[in-house]
Amino acid sequence: MRCRRASSLAAVAAIAMAAGAPAAAEGFRPAQPGHAWTFPRDHWAARAYRNEWWYFTGNLVAVDEPSRALGFQLTFFRVGFLPEKQPLASAWATSGAVMAHAAITDVATGEHRFSEVLWREMPLLGGFGAYPDPVIAWAKPPPGTDGRWSLRWTGSGFELGMRDDGRDMAIALSASPRKPVALQGPGGFSRKSNAPGHASLYYSITRLDAEGTISVAGREWRVRGDAWMDREMGSSQLAPGQVGWDWWSLQLADGRDLMLYRLRRADGTVDFAYGTVVDADGTTRFLEPGGWESRATSTWRSPRTGAEYPAAWKITVPREKIDISVEPRVAAQENVARLAGGLFYWEGAVRVRDAGGNDAGQGYVELTGYGRGNRPPL
């Protein structure tokens, strides 16, 4: 939420713990109100925090085959192990790791492909640039693939790319903001619990014009469409009793964008919830926990992990006169992160319909903490 997003905290936390990072964020800065945002500088890594991520999703269509719809996800994570690099005269000395997740959904065929990388942060494997270096984040691709996965700043937007020849998939896109930065929570301080100490610094660019190429199974399409970018940084863990979250990023046909998240307890009830509406002109309004409702209307069970996920929702925001239904464009959009110890989460492209059943938008949804033994540790 990119309370988030393995593609969010789930995978980040699992990796940090597996790599021996301390359970408590000792030495790292907690997310606090009053951050003095400066753009574009804040697009680059903020090493004072233990974890951060850059998350892109989008719904695209093939330029030469308009009936071909494709969804994509590309997320880079910085996982802090130590507040400072170890004072060792070795290129292998590091204070953290770089991880990235990528997925492509071919709506026409119903196929969903996922790829991941995880490396020590070091010159040969991956790392993070410092402003104004055009490179924000990069990582060596999976073994057997040349080049690198990367996120770059062009001066007016982003370039993002990945390739995995073993999975026969690739993403090469430019993404130009169509709306200004939207701070998620007052001043960009995003609370995750009523208890103190559980929060992140969080902003989004809710509409970007995306174009480039998507490659799957030996075919390459020139594509264009709409993307969403989330950026979060912080050092705290999930609050006691929280087991995961549901997160929606929805681009409505009337020009508004809707971000919602709720953190769940083990019995499925909501522990904390929040949301944001971004108008067509970029004006942002916050939604308090009682300002919106979501209700699952169906479920999908993964044949791979056995996890049962909600698979469609009815969402209402009375103050905004929003009454919509949200449904996956493809049911099977589960990501299983083998390098993160088998952590799994559902991250997928969705369509939006109004109360009359008419097309009313599109977006992405992330669901974490479903299934046995799958609680995000962060």
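The structure we're discussing is the one just above.
Conventions and cut-offs
Residues numbered from 1 in each chain as written. Predicted model: local features only at pLDDT ≥ 70, side-chain atom pairs only at ≥ 80, totals over all residues. Heavy atoms only, no water. Helix = DSSP H or I, 4+ residues; strand = E, 2+ residues; numbered from the N terminus. Rg over C-alpha atoms; globule rule 2.2 N^0.38 Å. Buried < 20%, exposed > 50% of the residue type's maximum accessible area, 1.4 Å probe, protein only. Areas by Shrake-Rupley, 256 points an atom, 1.4 Å probe, with all protein chains shown as cover. Lys, Arg positive; Asp, Glu negative; His and termini not counted. Charge placed at Lys NZ, Arg CZ, Asp CG, Glu CD. Salt bridge = Lys/Arg side-chain N within 4 Å of Asp/Glu carboxyl O. Pairing = 2+ DSSP bridges. 1 Å grid on protein atoms, 1.4 Å probe; cavity = no way out; pocket = protein on both sides within 12 Å on 5 of 7 lines; lining within 4 Å. Points joined across faces, edges and corners; volume = space filled by probe spheres on them. Nonpolar A, V, L, I, M, F, W, Y, C, P; charged D, E, K, R; others polar. Core = buried A, V, L, I, M, F, W, Y, C linked by side-chain atoms within 4.5 Å. Contact = heavy atoms within 4.5 Å. Phe/Tyr/Trp six-rings, centres within 6.5 Å; stacked < 30°, edge-to-face > 60°. Lys NZ or Arg CZ within 6 Å of the ring centre and 35° of its normal.

Caption draft 1: The arrangement of the overall build of the protein chain in detail. Counting secondary structure elements, the protein chain contains 1 helix and 23 strands. For 378 residues, the compact-globule estimate of 2.2 N^0.38 gives 21 Å, and the C-alpha radius of gyration of the protein chain, at 19 Å, lies within 12% of that figure. When the 378 residues of the protein chain are sorted by exposure, 58% land in the buried category. Here the protein chain has roughly 14800 Å² of accessible surface; of this, 51% comes from carbon and sulfur atoms. Looking at the protein chain, you have 43 positive and 40 negative side-chain charges, and the mean spots of the two groups are 3 Å apart.

Caption draft 2: Up close: the pattern of salt bridges. All chains considered together, the criterion is met by 28 salt bridges. For glutamate 65, the salt bridge is made with arginine 68, and the minimal N-O distance between the two is 3.4 Å. Here arginine 68 falls in the buried class, since its relative accessible area comes to 10%. With its nearest N and O atoms 4.0 Å apart, the salt bridge here joins arginine 152 to glutamate 159.

Caption draft 3: Just the pairing of strand β13 (residues 219–234), in detail. Across 12 bridges, strand β1 (residues 51–62) lies against β13 in antiparallel orientation. The partner of tyrosine 55 across the bridge, within β13, is aspartate 230. Across 14 bridges, strand β12 (residues 199–216) lies against β13 in antiparallel orientation. Within β13, the position partnered with tyrosine 203 by the bridge is arginine 231.

Caption draft 4: Quick peek at the layout of surface pockets. Each pocket or cavity is described by its volume, and for the largest pocket that value is around 440 Å³. At the level of secondary structure, the elements contributing two or more residues to the lining of the largest pocket comprise β4 (111–120) and β21 (334–337). Take the lining of the largest pocket: its biggest share by element is 8 residues, from β4. Here the residues of the lining of the largest pocket sort into 11 nonpolar, 5 polar and 7 charged.

Caption draft 5: A look at unusual backbone geometry. The linkage connecting phenylalanine 39 with the following residue, proline 40, adopts the cis geometry, with an omega of 10°. With respect to the helices and strands, the residue proline 40 is situated in the loop between α1 (9–18) and β1. In this model, tyrosine 131 is joined to proline 132 through a cis peptide bond whose omega is 5°. Position of proline 132 among the secondary structure elements: in the loop between β5 (126–128) and β6 (135–139). Even without being a glycine, alanine 217 presents a positive backbone phi close to 50°. On the secondary structure map, alanine 217 appears in the loop between β12 and β13.

Caption draft 6: A look at the environment of leucine 339. Its place among the elements puts leucine 339 in the loop between β21 and β22 (343–354). Given a relative accessible area of 32%, leucine 339 falls into the partly exposed group.

Caption draft 7: Quick peek at the nonpolar core. Core analysis: the biggest nonpolar cluster contains 49 residues, and Phe72, Phe158, Leu160 and Ile214 have the highest contact counts within it. If one sorts the elements of this core by residue count, β12 sits on top with 8 residues. Those residues in contact with isoleucine 214 that sit more than four places away from it in its chain are Leu60, Leu70, Phe72, Ile104, Ala170, Ile171, Arg219, Glu220, Trp221 and Val223. Formed by 28 residues, the second largest nonpolar core is a distinct cluster that contains Trp248, Trp292, Phe344 and Leu367.

Caption draft 8: Main features of the environment of phenylalanine 39. Note that phenylalanine 39 resides in the loop between α1 and β1. A relative accessible area of 32% means that phenylalanine 39 is categorised as partly exposed. With residues up to four places along the chain from it excluded, the contact list for phenylalanine 39 reads Val181 and Tyr203.

Caption draft 9: Expanded view of the pairing of strand β14 (residues 242–252). Most of β14 is tucked away: 11 of the 11 residues are buried. For β14 and strand β15 (residues 257–265), the ladder comprises 9 bridges, and the chain directions are antiparallel. Across the sheet, the residue bridging to tryptophan 248 is leucine 260, located in β15. The antiparallel pairing of β14 with β15 creates a hairpin that spans 4 residues between the two strands, and glycine 255 there sits at a positive phi of about 100°.

Caption draft 10: Inspection of the packing of aromatic side chains at higher detail. Within the structure shown, the criterion is met by 16 aromatic pairs. Pairing tryptophan 37 with phenylalanine 39 gives two aromatic rings, centres 5.8 Å apart and planes at 5°, and the pair type is stacked. Taking relative accessible area as the criterion, tryptophan 37 reaches 16% and is therefore assigned buried. Directly above the aromatic system of tryptophan 138 lies the positively charged group of arginine 148, at a separation of 3.9 Å from the ring centroid. One Lys or Arg, arginine 264, reaches over the ring of tyrosine 370 and ends 3.8 Å from the middle of that ring.

Caption draft 11: Focus on the environment of glycine 166. Structurally, glycine 166 can be placed in the loop between β8 (158–164) and β9 (169–177). A relative accessible area of 71% means that glycine 166 is categorised as exposed. Sequence spacing of glycine 166 and proline 142 is 24 residues, and the spatial spacing of their C-alpha atoms is 8.0 Å.

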